[in-house]
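Understanding the architecture of this molecule
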Amino acid sequence: MIQFVLLISRQGKVRLTKWYSPYTQKERAKAIREISSSVLSRGAKLCNIVEWKDKRVVYKRYASLYFCMCIDPSDNELATLETIHHFVEILDRYFGNVCELDLIFNFHKAYFILDEVLMAGELQESSKKSVARVIAAQDQLVESAKEQQGSISNIIKQATQG
Amino acid sequence: MAAALISAQVGWGSSKEFLDLVKQIGECRSKAEEDKIVLGEIELLKKKMAEPDVPKKKMKEYVIRLVYVEMLGHNASFGYIHAVKMTHEHSLAAKKTGYLATSLFLDDSHDLIILIVNTIQQDLKSDNYLVVCAALTAVCKLINAETIPAVLNQVAELLHHPKELVRRKAVMALHRFYQRSPSTVSHLMPRFRQVLCDKDPSVMSAALCGLYELIVADAAPYKNLVASFVSILKQVAEHRLPKTYDYHKTPAPFIQIKLLKILALLGVADKAASENMYSVLADVLRKSDTGATIGNAILYEGIATIAAIYPNPKLLQQSAQVTSRFLKSESHNLRYMGIDALGRIVKINADFAAEHQLAVIDCLEDPDETLKRKTLELLFKMTKPANVEVIVERMIGYMRTVTDAHSKGTIAGKVIELAERFAPTNEWFILTMNQVFALAGDLVKPKAAHDLMRLIAEGNGEEDEASDTQLRSLAVDSYLDLLEAPKLPALLLQVICWVLGEYGTADGKHSATAIVTSLCDLADRYSEDTTVRGYAVSAIQKVCAFQVAAGRPAPVTPEVRSFLDALCMSRSTDLQQRAYELQALLGLGTDAVGSALPEDASCEDIEVDESLSFLGAFVAAARTAGAKPYISENERLGLPPTTDLATLLGPSGPRPATPPSHSLRFEAYETPTIPARNMTPPEQPNYGAGDLMHVEAARGSAASGAPEASGRGQTGGPPKLGLRLDGVQKKWGRSTYTSAPSTSAASTSASSSSAPPSAPVSSAPREEARPTPYVSDRRPREPEVSEEKKKLAASLFGGGAATTSRGGGKAAPRPATKTKLAEGGRAGTPTKSTPVPQPEVNLLDFGSDSEAPSSAAPTPAADPFKQLEGLSVSTPAPPSTEPSPAVAAAAKPAFDLASLYAGPTQPGSVVGGVSSNRPTSPVPGLTNTGPGLAGNGRPNSVSPVVNKAQQAQKAGIVPQNPDIFHDLLG
């Protein structure tokens, strides 16, 4: 099971964290510190796996962002690597050529997408299309709600003016 | 331009403020600058969120900003409540944001969770499936074991929801519930099987997660699913699933991997199940060999499965080929997986490693830390007696380079394990251990140190005394050398002290004075560590004892004297006591010392007569002379006896090693109904499991004397119950109530009448010095508390000892008369034990008794031992303590009978069945009366139960069985 997901920039700034097991605020800060220092210092050719406590951290770098997932020893490291890639592909599809800025300004959307990809620390959907469909449905609903709200307020405005 | 770009990227209309904040943070040069900005933002948010009537849209943005602040590592707890409130909103966007924020902020143990349960319940019923999904996602994070029942039914209903998305999330939520608290959802587990047949593949794959977890717990009930799993895997591998599940042209790889994991669990050591899998595994290996990463992930999982199930040579060969491709790869990731796969295959057939030797060495030399460590792990698995030296050398070499404490500790543990299992020579072993301790210091687990001590004490298990002796003297030599080092880890120091104490003088190479001097020196150097000093004092004590016992003068140099004097005034009560004990020991005769601390006896078992039966006569005598019977603490405090019983039965657990009372309890009290029920039918002791157990069952063969005894005393024959006390006395630290009267101490005192006060005391530290497992579960505070309480009790009630049994418990008068009857029949004893109520002895000052034995204390204490000699026959008595003829004669009848059962009563099986199970009994636990009886004879702790024992013994019943007390009490 995936214990937590971390997105760190090359400068060590946290872009997204999602914890699937209980960690206290202190433990979280410590984990982020330790993992970012060991991941950021690794050379490009070394393997994408770091041991951390009795767990493993699988990470992959995309441009200036490091995507890290902490997994149990019984998990498959290569599959986790591909889970990261799967997530990135979905982000890419959603944002259209995703870049760090997208995640900085729309981190809550990244969270929503992550919630569709992973749940309770497990990969829940391996079909990219259906993730995209759910997210689109949510966005649509929000949009339509907004429009509705807009029209109602328009009506009120008109009513008060009239 | 930048602003235009940003506003183009912002989807949900975040405000300018937020954009500026993010931009500022992005442009920060230092952490301090960032912190300043964030703190400013926190202040701003605090103010804004507290305003009345914040528009919903604004509030949503504030909550998102709060998430941002918290993500940067700052405390945003002031706004949690707003996030929780936001989940109540009707609009989906706000609700989703609320759920997102709460599940990021809160853990399932947070107080605010209770506020969100109702909202979740509402949302699970919503007819908008997106709302249901949002609630299900939150459920996974926020619902804890206690709140599971509140939502469980709704989640279970959602398994039939028309939307596959909802079904899938419901399955995942159920899986999460199972992880949290398996018992609450156990009745829903068959649902996972049903869901496996769901028409939607994503729901099926979600069920696999839950099934995997269930099969990890217990594979047996799921064996019949092997065929289904195999067929699913076959279909997936043959590309039968919709194209949308493809990942880089590989058909549903994550489902395949999950299935392979499950098959691995189901096929372990199960030939029939494994045979069903062979063909599909071969298929999967062939089809996944695409060279893509995801293909390799499946290949690796396939190898893991093949190595786990009942072996098939052809598949293993295939796996070995794949593994060698991994190992030869340029990619570090593949080599890493290759090493791991090799480790799995090698477990089945070590020959596979041969051809990869060079590749493995390459990985070991690789600069990549992760790869190196993985390779060491492989080597650890491959270690044999032949290669242990090389591998351990490598591991120690690696340990030198590691800085991180956790991995250092792990590697140290592995090195120790290898050294213990495969050590070629004793010398190598000791040196390796020294190196590990020196490098890893205090990261080594205490268990490792205790194992080391045990190994030195017990030898290598073979009947080879010579090599054991050699091992010990090697250890002593190397430790004396080590002591030169400027700083040693505490754990190693403890080992050193212990070994020097036990074996320092054993081979005669080192003089006792030299050893004692270096121990003193050590204790001085590490003056801040009381544990180490305690070990040192005990070691000195042992060395002295061995010298005295051998008839040589104790090696007490002036330095040692002054050292001890200083310790007697130490602030640590533990050290104080040890010092006093040592001083007391030095004042004793050769025989007493020899039997108190016999040489090289650390592996012998210590027998303890937990029922304190040898004190019976003393107690009886005190009672006849007018002492008050023991009154339970609660009665003294005016509480109803039921509560008392409840407290006694209270600490439940599989191995209750705590003394029943006089200590703080941290568990919740049981519901009072159980003891209350006991009150009404006195002959029906149906207590909850707890501490109580059927004594017969516990005692095993030792109980063979019981039926006879109970037949005499009792008509009813209810199932005998007793407090489980095995292990109670096995605590270290100061002599507690139960630890004092060990039978070896009893027999010692029988032979030399001056010994009794000191013998029980000195037996405690010997126990503690043992490297046996119970050493670790020490609770040093506990005895102090109980001593305090005893003191309090003594000062409250002790003065009333002279005034005869007035105001005792309900049952007090009856036993008192009976005792008199019993005493009347006995010759000699009552006269001796005059009820001299000892003046209040300072209970904490253990040494004073033995230093200046008061005239009253030893006399009554000595006698009971003689009378009840028979009770402790089962113990292997120390050689020097032949029972005197008089004693033997006095104890003759009991002795004979007892010897009949001596066979079954193996050392260690002495179980103190204390007759605390009668609600009417005023004596809830005999154990409460320990040192009071042994040490300073406070008559107020006299127990009528013991008097019963007296009576029973008089009647010719073998008092070997403490149950008798219980029977006679009726």
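Residues numbered from 1 in each chain as written. Chains lettered and ligands numbered in written order. Predicted model: local features only at pLDDT ≥ 70, side-chain atom pairs only at ≥ 80, totals over all residues. Heavy atoms only, no water.

In the nomenclature of an unreviewed UniProt entry, chain B corresponds to Adaptin family protein from the organism Klebsormidium nitens. Here chain B is described in UniProt, under the heading Subcellular location (unreviewed entry), as follows: "Endomembrane system". (UniProt positions renumbered as here; feature names shortened; annotations may be inferred.)

Per an unreviewed UniProt entry, chain A goes by the name AP complex subunit sigma and belongs to Klebsormidium nitens. Under the UniProt heading Function (unreviewed entry), the note attached to chain A is "Subunit of clathrin-associated adaptor protein complex 1 that plays a role in protein sorting at the trans-Golgi network and early endosomes (TGN/EE). The AP complexes mediate the recruitment of clathrin to membranes and the recognition of sorting signals within the cytosolic tails of transmembrane cargo molecules." Turning to chain A, the UniProt record has this under Sequence similarities (unreviewed entry): "Belongs to the adaptor complexes small subunit family."

On a plain count of helices and strands, chain A comes out with five helices and seven strands. Residues counted as buried form 61% of the 162 residues belonging to chain A. Partitioning the contacts of chain A with sequence separation of at least 6, the portion at a separation of at least 24 is 46%. Within the structure as shown, chain A displays about 6,600 Å² of accessible surface, and the carbon and sulfur contribution to it stands at 54%. (Helix = DSSP H or I, 4+ residues; strand = E, 2+ residues; numbered from the N terminus. Buried < 20%, exposed > 50% of the residue type's maximum accessible area, 1.4 Å probe, protein only. Contact = heavy atoms within 4.5 Å. Areas by Shrake-Rupley, 256 points an atom, 1.4 Å probe, with all protein chains shown as cover.)

This part takes up a nonpolar patch on the surface. Residues and elements named next belong to chain B. Together, Ile81, Ile114 and Leu115 make up a nonpolar patch on the protein surface, roughly 270 Å² of accessible area in all. Structurally, the position occupied by Ile114 is in helix H7 (residues 113-124). Looking at Ile114, the relative accessible area reads 59%, which means it is exposed. (Patch = residues over 30% accessible without salt bridge, like charges linked within 9 Å, V, L, I, M, F, W, Y side chains within 5 Å. Salt bridge = Lys/Arg side-chain N within 4 Å of Asp/Glu carboxyl O.)

Moving on, we get to helix H13 (residues 201-217) of chain B. End to end, H13 of chain B covers 25 Å across 17 residues, agreeing with the expected 24 Å (1.5 Å per residue, within 8%). The element H13 of chain B is largely enclosed, with a buried count of 14 among its 17 residues. (Expected span 1.5 Å × (residues − 1).)

Attention shifts here to the pairing of strand E2 (residues 14-19) of chain A. All names here are of chain A. The buried count for E2 comes to six of six residues, which makes it a mostly enclosed element. Of the strand pairs in this sheet, strand E1 (residues 2-9) and E2 are connected by five bridges, and their pairing is antiparallel. Pairing of Ile8 across the sheet is with Val14, part of E2. Joining the antiparallel neighbours E1 and E2 is a turn of four residues, in which Gly12 adopts a positive phi near 90°. (Pairing = 2+ DSSP bridges.)

Quick look at the nonpolar core now. If you look at the biggest cluster of nonpolar residues, it comprises 276 residues, and the most contacted ones within it are Phe67 of chain A together with Leu136, Phe177, Phe229 and Tyr479 of chain B. Among residues more than four places away in sequence, those in contact with Phe177 of chain B are Val139, Ile143, Ile148, Val151, Leu152, Val155, Pro182 and Val185 of chain B. Val548, Ala592, Val593 and Leu597 of chain B belong to the second largest nonpolar core, which has seven residues in total. (Core = buried A, V, L, I, M, F, W, Y, C linked by side-chain atoms within 4.5 Å.)

This part is about the sheet that holds E1 of chain A. Within a beta sheet, neighbouring strands are joined by backbone hydrogen bonds and run either parallel or antiparallel to one another. All names here are of chain A. Sheet architecture is open: five strands sit in the order E2-E1-E5-E4-E3, paired in antiparallel fashion. A strand with exactly one partner marks an edge of an open sheet, and here the two such strands are E2 and strand E3 (49-52). The sheet shows a mean angle of 20° between the axes of neighbouring strands, taken without regard to direction. Two strands pair when backbone bridges link them, and strand E4 (residues 55-62) and strand E5 (residues 65-71) are joined in this way by seven bridges, in the antiparallel orientation. The residue bridging Arg56 from the neighbouring strand is Ile71, located in E5. (Axes fitted to C-alpha atoms, helices over the stretch in contact; angles between N-to-C directions.)

Now for the pairing of E4 of chain A. Taken across its eight residues, E4 of chain A has six buried, putting it largely inside the fold. Once E3 of chain A ends, the chain turns through two residues before running back antiparallel as E4 of chain A, passing Lys53 of chain A with a positive phi of about 50°.

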